[in-house]
Amino acid sequence: MTTPPALLIAGHGTRDEAGAEAFRDFVRELGRRHPALPVAGGFIELSPPPLGEAVAELVERGVRRFAAVPLMLVSAGHAKGDIPAALSREKERHPGITYTYGRPLGPHPALLRVLERRLAEAVDPSWDPSEVTVLLVGRGSTDPDANAEVFKAARLLWEGRGYAAVETAFVSLAKPDVPGGLDRCVRLGARRVVVLPYFLFTGILPDRVRHQTEEWAAAHPETGVRSADVIGPEPELLDLVWERYEEAVKGDLRMNCDSCVYRIALPGFEDKVGLPQQPHFHPDDDGDHHHGHHHGHGHAHSHAH
């Protein structure tokens with residue numbers, strides 16, 4: 001019987017210790033759920049452990065094959081470039097290992113169900129959903145394709161749930177920002193708004209969303225505004241990561257490259273087509289940092305190794 005590949009969870013990283021610990025707890029819970037399978041997780045920047053340390057941990061346990069799943073909601077630069085480049089570097093550090101690379105998590109019906117719960121927790125019970133506008137707030141990216149994925153999630157969340165509208169905003173790098181998104185909701189006639197962070201775990205950016213929401217609400221007392229919680233380590237998220245693992249193992253990957261900025265010359269982003277992808281430098285990674293910096297692997301996010 002062939003031993004199944006191990007599971008490597010790749011996270012972005014955060015300066016928020018509670019958010020980093022939530023990721024580490026999540027990885028431990030995946031290990032408890034699948035005791036026969038080696039499971040490890042690491043970050044590409046900002047938080048320990050670095051992804052290279054997680055790969056080394058698997059190698060020390062005798063792992064030669066693994067499937068890497070990016071614990072990210074959208075396929076932006078980190079999922080498309082940074083993680084594949086980091087994995088390529090680890091292949092040089094550990095000759096003989098092989099890996100496949102899974103796809104990001106959202107938008108997925110299971111996560112939409114969790115978002116729906118977060119909304120239900122946040123709204124005033126007296127509010128009629130048909131009078132509630134939702135503002136879904138994503139991380140924000142310089143990648144148009146990634147920002148478009150947040151809009152797709154917003155539309156899917158709106159479909160069939162009875163809310164007046166689901167609008168979209170971003171907390172960094174993209175417009176509209178949170179105050180601009182709230183202003184737009186009001187211009188569209190909203191009297192009651194729930195701001196819903198499109199984030200997996202707590203952290204600096206979700207905290208910023210809540211803070212900006214509170215500031216805006218204080219300046220606009222005529223509008224009822226509530227803040228919802230992040231997705232969190234829900235059973236649906238654990239199940240979805242496992243689904244992405246099984247896809248990667250079976251080779252059943254369906255990456256969308258039709259509007260990827262590294263493949264298609266989108267207006268204003270023509271210089272990104274075919275750019276080599278390089279791993280982030282992680283301050284806790286004590287390996288040879290020069291490995292990922294002298295070569296790139298182009299548009300690597302749909303490649304299995």
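The structure this text deals with has already been given above.
Residues numbered from 1 in each chain as written. Predicted model: local features only at pLDDT ≥ 70, side-chain atom pairs only at ≥ 80, totals over all residues. Heavy atoms only, no water.

Visitor: Lay out the packing of aromatic side chains in plain terms, naming residues and giving numbers.
Guide: Summed over the entire model, instances satisfying the criterion amount to 5 aromatic pairs. Looking at arginine 226, its charged tip hangs above the ring of tryptophan 127, at a distance of 5.3 Å from the centre. (Phe/Tyr/Trp six-rings, centres within 6.5 Å; stacked < 30°, edge-to-face > 60°. Lys NZ or Arg CZ within 6 Å of the ring centre and 35° of its normal.)

Visitor: Talk me through the sheet that holds strand 3 (residues 65–70); I want residue IDs and the actual numbers.
Guide: One open sheet accounts for 4 strands, arranged 2-1-3-4; its pairing is parallel. The sheet is open, and its two borders are formed by strand 2 (39–43) and strand 4 (98–101), each paired with just one other strand. The average angle at which neighbouring strand axes cross in this sheet is 25 degrees, direction not considered. Sheet analysis places strand 1 (residues 6–11) next to strand 3, joined by 5 bridges and oriented parallel. The residue bridging isoleucine 9 from the neighbouring strand is valine 69, located in strand 3. Along the sheet, helix 1 (residues 17–33) contacts strand 1 and strand 2; its crossing angle with strand 2, the most-contacted strand, is approximately 165 degrees. Sheet contacts for helix 2 (residues 51–60): strand 1, strand 2 and strand 3; angle to strand 2, the most-contacted strand, approximately 160 degrees. (Pairing = 2+ DSSP bridges. Helix = DSSP H or I, 4+ residues; strand = E, 2+ residues; numbered from the N terminus. Axes fitted to C-alpha atoms, helices over the stretch in contact; angles between N-to-C directions. Contact = heavy atoms within 4.5 Å.)

Visitor: Tell me about the pattern of salt bridges, residues and numbers included.
Guide: Counted by the stated rule, this structure contains 23 salt bridges. Between aspartate 239 and arginine 33 there is a salt bridge whose closest N-O contact spans 2.7 Å. Note that aspartate 239 is positioned in helix 8 (residues 235–250) and arginine 33 in helix 1, a separation of 206 residues in sequence. The class for aspartate 239 is partly exposed, based on a relative accessible area of 45%. One salt-bridge network, in which partners are shared between bridges, spans Glu17, Glu21, Arg24, Asp25 and Arg28. (Salt bridge = Lys/Arg side-chain N within 4 Å of Asp/Glu carboxyl O. Buried < 20%, exposed > 50% of the residue type's maximum accessible area, 1.4 Å probe, protein only.)

Visitor: Please provide a residue-by-residue account of the nonpolar core, values included.
Guide: Counting residues in hydrophobic clusters, the biggest one holds 51 residues, and the most contacted among them are Ile9, Leu71, Leu105 and Leu136. When we break this core down by domain, the ones giving at least three residues each are domain 1 (6–106 + 234–272) and domain 2 (109–227). Once residues within four sequence positions are removed from consideration, isoleucine 9 is found in contact with Phe23, Val27, Leu30, Ala40, Gly41, Gly42, Leu51, Val69, Leu71 and Val241. (Core = buried A, V, L, I, M, F, W, Y, C linked by side-chain atoms within 4.5 Å. Domains from an automatic or database assignment.)

Visitor: For unusual backbone geometry, give the residues involved together with the corresponding values.
Guide: With an omega of -5 degrees, the peptide bond running from glycine 106 to proline 107 counts as cis. Of the consecutive residues lysine 175 and proline 176, the connecting peptide bond is found in the cis state with omega at 0 degrees. Position of proline 176 among the secondary structure elements: in the loop between strand 6 (165–170) and helix 6 (178–187). A positive phi is found at leucine 46, a non-glycine position, where the angle reads about 75 degrees. Looking at where leucine 46 falls in the secondary structure, it is placed in the loop between strand 2 and helix 2. Of note, the phi angle at leucine 173 is positive, near 70 degrees, even though the residue is not glycine. Mapped onto the fold, leucine 173 is located in the loop between strand 6 and helix 6.

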